[in-house]
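Chain residues, written in single-letter form:
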Amino acid sequence: MDAPVIASRKPYYAVLKKGRPYRWCRCGLSKKQPYCDNSHEGTGFEPMIYIGQYDGEEVLFCGCKQTGDSPMCDGTHANLEGGYQRDDPNTPENRAIPETRDQVDGLTLLDGGCYVFSPAKARFAELGNLRFCTVISQGQGAIHQSQFYAEVSGQPGPIVMLGESDGILFVGGGEGTIEIAGRPFQVQRTDGVYVRAGEGFRAVPAEGQTLKLFISALPAIAALEVEPDWPSAFDASEPERVVRVDAGQRKAMGERWFQMLADKAVGCTGKAQFIGHIPFSKAEPHRHLYEESIICLEGEGMMWTETKKARVRPGDVIFLPRKQLHSLQCVSEGGMEVVGVIHPGDNPGINY
Ligand code: FES
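Residues numbered from 1 in each chain as written. Predicted model: local features only at pLDDT ≥ 70, side-chain atom pairs only at ≥ 80, totals over all residues. Heavy atoms only, no water.

## A look at the domain arrangement of the chain
What the domain assignment lists for the chain is domain 1 (1–83) and domain 2 (118–242). Between the C-alpha centres of domain 1 and domain 2 there is a distance of 40 Å. (Domains from an automatic or database assignment.)

Now the structure itself:
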């Protein structure tokens, strides 16, 4: 056998025990996927041993056997023929799922803690000249990330701290400077920015501009804090902190694509931000092992969970808990542009 057989175009979810060896089938012939049953004999392939790291470790073992991160799925299957499936929104089962329009202060609840939030309809608070609303919080069920939508006009904003959490910012509008621990970084619309835990940042809009920021704190924090002075020095071991949209950095995921913004390339590990494109289509329902926020930049969509669906418009944010079954449908002919933040995890191309 020159190449392994594709056992599945989806990964296998498993919960492991600490110290136990798992024999991942590499040839694809086993009838006990994802584990070896010795069907490989004579093929030249051997199983790969993976030792469980801790009790309750949740993993996604590769099913297509073509991953670049053996034995775990790295999303390669999505680019194999038949690896990225669409769902038909007009099946009888899907047509029976009603659109929910119940909204309180911009919040539309779906199943399992998933929701769509419209900052445009939210109540804003103020920290000096920083106007903000809470988009994702522990109070709304988040564990791994919080998110705030904020606007700063005129004078520089206050120095904002995110407790012991890392910060990932997305510039939703305007241009100017983000100062991180006192160091200036020029930013414009659609830039991603990474702020290390403890550094703090402030927004300095350019003349006549309003800087519009989506501020994510990872892990989740209770509230934004303001300090009169920079509390710590800039971590110069990671001097690059702004990532700009660059079509040359796009990665295909079936008929979708994404580009990483703030991620490990700028020192942001175990969590990541990306910008992506969704064509006019509905994804097959799936789950992720990470918690995710999805900002809708352009185009309209419909977010589906088991028994509900809700409209998503530009400026809206979707909160998606870990392991929640869902499907994001793009209902605009020209497609949707979205920005996601995921944690824990750093690869938005993995689902099951
Ligand atoms: S059966 Fe596939 S590696 Fe053993």
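## Describing the environment of Phe 170
Tracing the chain through its elements places Phe 170 in strand β11 (residues 166–173). For Phe 170, a relative accessible area of 1% translates into the label buried. On a C-alpha basis, the gap between Phe 170 and Glu 57 in space is 31 Å, while along the polypeptide they are 113 residues apart. Phe 170 has contacts with Thr 190, Asp 191, Lys 212, Leu 213, Phe 214, Leu 261, Gln 273, Ile 295, Leu 297 and Val 339, leaving out every residue within four places of it along the chain. (Helix = DSSP H or I, 4+ residues; strand = E, 2+ residues; numbered from the N terminus. Buried < 20%, exposed > 50% of the residue type's maximum accessible area, 1.4 Å probe, protein only. Contact = heavy atoms within 4.5 Å.)

## Here's the deal with the side chain of His 326
On the secondary structure map, His 326 appears in the loop between β26 (317–320) and β27 (327–330). His 326 sits in the buried class, given a relative accessible area of 4%. Reaching out from His 326, the side chain makes a polar contact with the backbone oxygen of Gln 324 at a distance of 2.9 Å. Residues contacting His 326, with those up to four places away along its chain left out, are Glu 284, Pro 285, His 286, Arg 287, His 288, Met 303, Trp 304, Thr 305 and Leu 320. (Polar contact = N/O pair within 3.5 Å; in protein donor to acceptor, adjacent residues only side chain to side chain.)

## Some details on the packing of aromatic side chains
Enumeration over the complete set of coordinates arrives at 10 aromatic pairs. Centroid distance Tyr 22 to Tyr 35: 6.1 Å. Interplanar angle 35°. Geometry classified as tilted. Taken together, the residues Tyr 22 in strand β2 (residues 21–24) and Tyr 35 in the loop between β2 and β3 (48–51) connect sequence positions 13 residues apart. For Tyr 22, a relative accessible area of 9% translates into the label buried. An angle of 90° between the planes, with centres 6.1 Å apart, marks the rings of Phe 124 and Tyr 149 as edge-to-face. Taken as a pair, Phe 124 in the loop between β6 (115–117) and β7 (125–127) and Tyr 149 in strand β9 (residues 146–153) lie far apart in primary sequence, 25 residues in all. A relative accessible area of 9% means that Tyr 149 is categorised as buried. Above the ring of Phe 124, the side-chain terminus of Arg 131 is found at 4.4 Å from the ring centroid. The ring of Trp 304 carries Lys 282 above its face, with NZ or CZ at 4.5 Å from the centroid. (Phe/Tyr/Trp six-rings, centres within 6.5 Å; stacked < 30°, edge-to-face > 60°. Lys NZ or Arg CZ within 6 Å of the ring centre and 35° of its normal.)

## A few points about the sheet that holds β11
Spatial ordering of the open sheet is given by β7-β8-β9-β16-β11-β14-β18, a layout of seven strands whose pairing is antiparallel. This sheet does not close on itself; its edge strands, each paired only once, are β7 and β18 (242–243). Examined bridge by bridge, β9 and strand β16 (residues 210–218) share eight bridges and lie antiparallel to one another. For Glu 151, the partnering residue across the bridge sits in β16 and is Lys 212. (Pairing = 2+ DSSP bridges.)

## Things to note about the sheet that holds strand β28 (residues 336–343)
The eight strands lie next to each other as β5-β6-β26-β23-β28-β21-β20-β19, forming an open sheet whose pairing is antiparallel. Looking at which strands have only one partner, the edges of the open sheet turn out to be β5 (107–109) and β19 (251–253). Averaged over all neighbouring strand pairs, the angle between strand axes comes to 25°, with direction disregarded. Direction of pairing for β5 relative to β6: antiparallel, over a ladder of three bridges. By the bridge assignment, Leu 109 is partnered in β6 with Tyr 115. (Axes fitted to C-alpha atoms, helices over the stretch in contact; angles between N-to-C directions.)

## Here we look at unusual backbone geometry
A cis amide bond links Gln 33 with the next residue in sequence, Pro 34, at an omega value of 5°. If you trace the backbone, Pro 34 turns up in the loop between β2 and β3. Cis geometry is found at the peptide bond from Ser 70 to Pro 71, where omega equals 0°. Tracing the backbone through its elements, the reader meets Pro 71 in the loop between β4 (57–61) and α1 (92–95). A positive phi angle, close to 75°, is found at Asn 38, a residue other than glycine. Secondary-structure assignment places Asn 38 in the loop between β2 and β3. Of the residues examined, Asn 38 reaches a relative accessible area of 35% and is grouped as partly exposed. Of note in the backbone geometry, Asp 105 takes a positive phi value of approximately 50° without being a glycine. Along the chain, Asp 105 turns up in the loop between α1 and β5.

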